[in-house]
Amino acid sequence: MAGCAGKAKKGENRPNIIVIMADDLGYGDVSCYGAEEIQTPGIDRLAEEGLRLTNGHCTSATSTPSRFAMLTGMYPWRVGASILPGDAPMLIKEDMPTFPKMLKQAGYATGVVGKWHLGLGNGNLNWNEHIAPSPNDVGFDYSYIMAATNDRVPTVYVRNGDVVNLDPDDPIEVNYRMNFPGEPTGKDNPELLRLHPSVGHNMSITNGIPRIGYMKGGKSALWVDEDMYSVFLEEAKNYVKKHKDEPFFLYYALHQPHVPRLPNIMFAGKSKLGARGDVILEADYCVEEFLKYLDELKLTENTIVIFTSDNGPVLDDGYKDMAEELNGVHRPAGPFAGWKCSPYEGGARIPMIVRWPEKVKAGTTSDALVCQLDFCPSFAALLEQPYEVRDGMNVLDALLGVAEEGRECLVLEGYGIDLWLKEGNWACIPEYTNRRGEVVGARLYDLEADIAQQYNLAEKYPERVKEMTEKLNGIKGY
Ligand code: NG6
Ligand code: CA
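Residues numbered from 1 in each chain as written. Chains lettered and ligands numbered in written order. Predicted model: local features only at pLDDT ≥ 70, side-chain atom pairs only at ≥ 80, totals over all residues. Heavy atoms only, no water.

J.: Give me the sheet that holds strand E22 (residues 443–446): which residues, what numbers.
T.: What the four strands build is an open sheet, ordered E17-E18-E19-E22; its pairing is antiparallel. Each edge of the open sheet is held by one strand with a lone partner, namely strand E17 (409–413) and E22. Sheet twist, expressed as the average angle between the axes of neighbouring strands with direction ignored, equals 20°. Inspection of the sheet shows E17 paired to strand E18 (residues 419–423) by five bridges, in the antiparallel sense. Paired with Cys-409 across the strands is Glu-423, a residue of E18. Its contacts with the sheet put helix H9 (residues 462–477) on E17, E18, strand E19 (426–429) and E22, and the angle it makes with E18 is roughly 115°. (Pairing = 2+ DSSP bridges. Helix = DSSP H or I, 4+ residues; strand = E, 2+ residues; numbered from the N terminus. Axes fitted to C-alpha atoms, helices over the stretch in contact; angles between N-to-C directions. Contact = heavy atoms within 4.5 Å.)

J.: Talk me through the coordination of the calcium ion (ligand 2); I want residue IDs and the actual numbers.
T.: Within the protein, Asp-23 (OD), Asp-24 (OD), Asp-310 (OD), Asp-310 (OD) and Asn-311 (OD1) serve as the donor atoms for the calcium ion (ligand 2), at 2.2 to 2.7 Å. Each of the six donor atoms around the calcium ion (ligand 2) contributes to a set of angles spanning 52 to 171°, which defines the coordination as irregular. We note that the donor set of the calcium ion (ligand 2) lies within a single chain, spaced as D-D-x285-D-N. Placement of the pair is Asp-23 in the loop between strand E1 (16–22) and helix H1 (41–48) and Asn-311 in the loop between strand E13 (303–309) and helix H6 (345–348), with a sequence separation of 288 residues. Across the pair, exposure class does not vary: Asp-23 and Asn-311 are buried alike. (Donors = N, O, S within 2.8 Å, 3.2 Å for Na, K, Ca; no water. Tetrahedral: all angles 85-135°; square planar, octahedral: opposite > 155°, others 65-115°. Buried < 20%, exposed > 50% of the residue type's maximum accessible area, 1.4 Å probe, protein only.)

J.: Account for the site of ligand 1, naming residues and giving values.
T.: In the vicinity of ligand 1, 18 residues are found, and the nearest of them are Lys-115, Asp-151, Arg-152, Asp-317 and Lys-340. Ser-63 places a main-chain nitrogen or oxygen 2.9 Å from an oxygen atom of ligand 1. Between ligand 1 and His-201, the relevant distance is 3.1 Å, taken from an oxygen atom to a side-chain nitrogen or oxygen of the residue. Considered on its own, ligand 1 offers 450 Å² of accessible surface; in the complex 83% of this is hidden by protein. Each residue belonging to the shell around ligand 1 can be placed in one class, and the counts come to four nonpolar, seven polar and seven charged. (Near = heavy atom within 4 Å. Polar contact = N/O pair within 3.5 Å; in protein donor to acceptor, adjacent residues only side chain to side chain. Areas by Shrake-Rupley, 256 points an atom, 1.4 Å probe, with all protein chains shown as cover. Nonpolar A, V, L, I, M, F, W, Y, C, P; charged D, E, K, R; others polar.)

J.: Break down the domain arrangement of the chain for me, citing the residues and quoting the values.
T.: Assigned domains within the chain: domain 1 (16–168 + 223–407) and domain 2 (425–476). Distance between the C-alpha centres of domain 1 and domain 2: 29 Å. Of the roughly 810 Å² buried at the junction of domain 1 and domain 2 (both faces included), carbon and sulfur atoms supply 58%. There are zero salt bridges connecting domain 1 and domain 2. Taken together, the links from domain 1 to domain 2 amount to four residue pairs in polar contact (both at pLDDT 80 or more). Here the residues of the side of domain 1 that touches domain 2 are counted per class, giving seven nonpolar, no polar and three charged. (Domains from an automatic or database assignment. Buried area = accessible area lost by both parts, 1.4 Å probe. Salt bridge = Lys/Arg side-chain N within 4 Å of Asp/Glu carboxyl O.)

Okay, here's the thing in structure tokens:
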């Protein structure tokens, strides 16, 4: 494969860089990764025109930690990252090196559209005033985001640190501990709901959907879930249009297929898999339309588009949306064991496709071990930008399909600080003490012989468990 990529010189060739990140999309949810029950032609187009990585990882089996790692190049458990509420303070410190800051230094315009989930403000957030820090204080020139997740309040968009369409006479209040007097909740007012929770999700109600957290006011600013796909798609398109004549970076963070799964009428009922399948079709449509728009603007050739997901899939994630009942024989995590939140391949091995027509050979695949953690150091190398490497590595050649090898090892994370190590063919989850104080024995899997992680070989190979545990502890401690 040598010869299909070369290093760009500073200032000579600065390709646009776009990271499209889906939310909770599994390895097996995409037809170019083997899904048969659902077709994703938009995402498949990227694979046909680029490199499909089959051993690509997010660092973690949940959103906040994975996104933190992608944007900082640092393992998220170093800062104790975990799923954040909608009113959490900004997790990325203003003095931390970030992917967008590195690109700004290289002369790029930088924007983020979609799900943020990395905190805003410094605590005691007032949603009615300008919010800082926001993404604009950690490297993005432009941001159009939802603060956390689509199941968490406040259910409003925030543009460059200001709530969009807010009426000053109807201020927003948010509280994650207690309700505001007189405000209905999913728990007390099930008659107001059009989608019921299966677990949690019983606090404030927006658009007939109960959420996590309490919120009051801001009526004119509330989002409409069924329109979110188009709001973010139009924002993403406008961003590239505005910056088409200069190098730009866009982090386009899709909200699908995270709960609540509320497809637009264009997609409702269009998959065999119920609402979860429908919103995967919706996400795929967004990718397809967005790629067509890059064609229209003649940006396709010199733009690196990476498509990926923030963690593995889940069926029932807290709403009675029939995802389990209608799943049939579909395998959202593909051949892997585990799901979102679990310390197995299915939690953190996700789709990862790199398209760059100028440099990456079309229709290729690679099983090099790579991680979203590596995006920043790798592109810093491409652009010859100084970058203080912490945990991410320069695996540029693997990301471009020039080298067959990526990393030798990678630390991954389930839910909470539940770390495991992947090294070559081996996955090791060291012995640990769970929240109930019980000791859970070590687990060791040979991924080459046992991709579904069915056979725990820890007792058979205690030396390997010991070595891998020490290695993991060493990485934790450095
Ligand atoms: C969990 C929520 C889940 C989802 C997840 C975050 C409950 C019972 N579960 O706490 O629905 O919101 O957080 O998902 O509330 S993530 O993809 O953003 O990490
Ligand atoms: Ca997620």
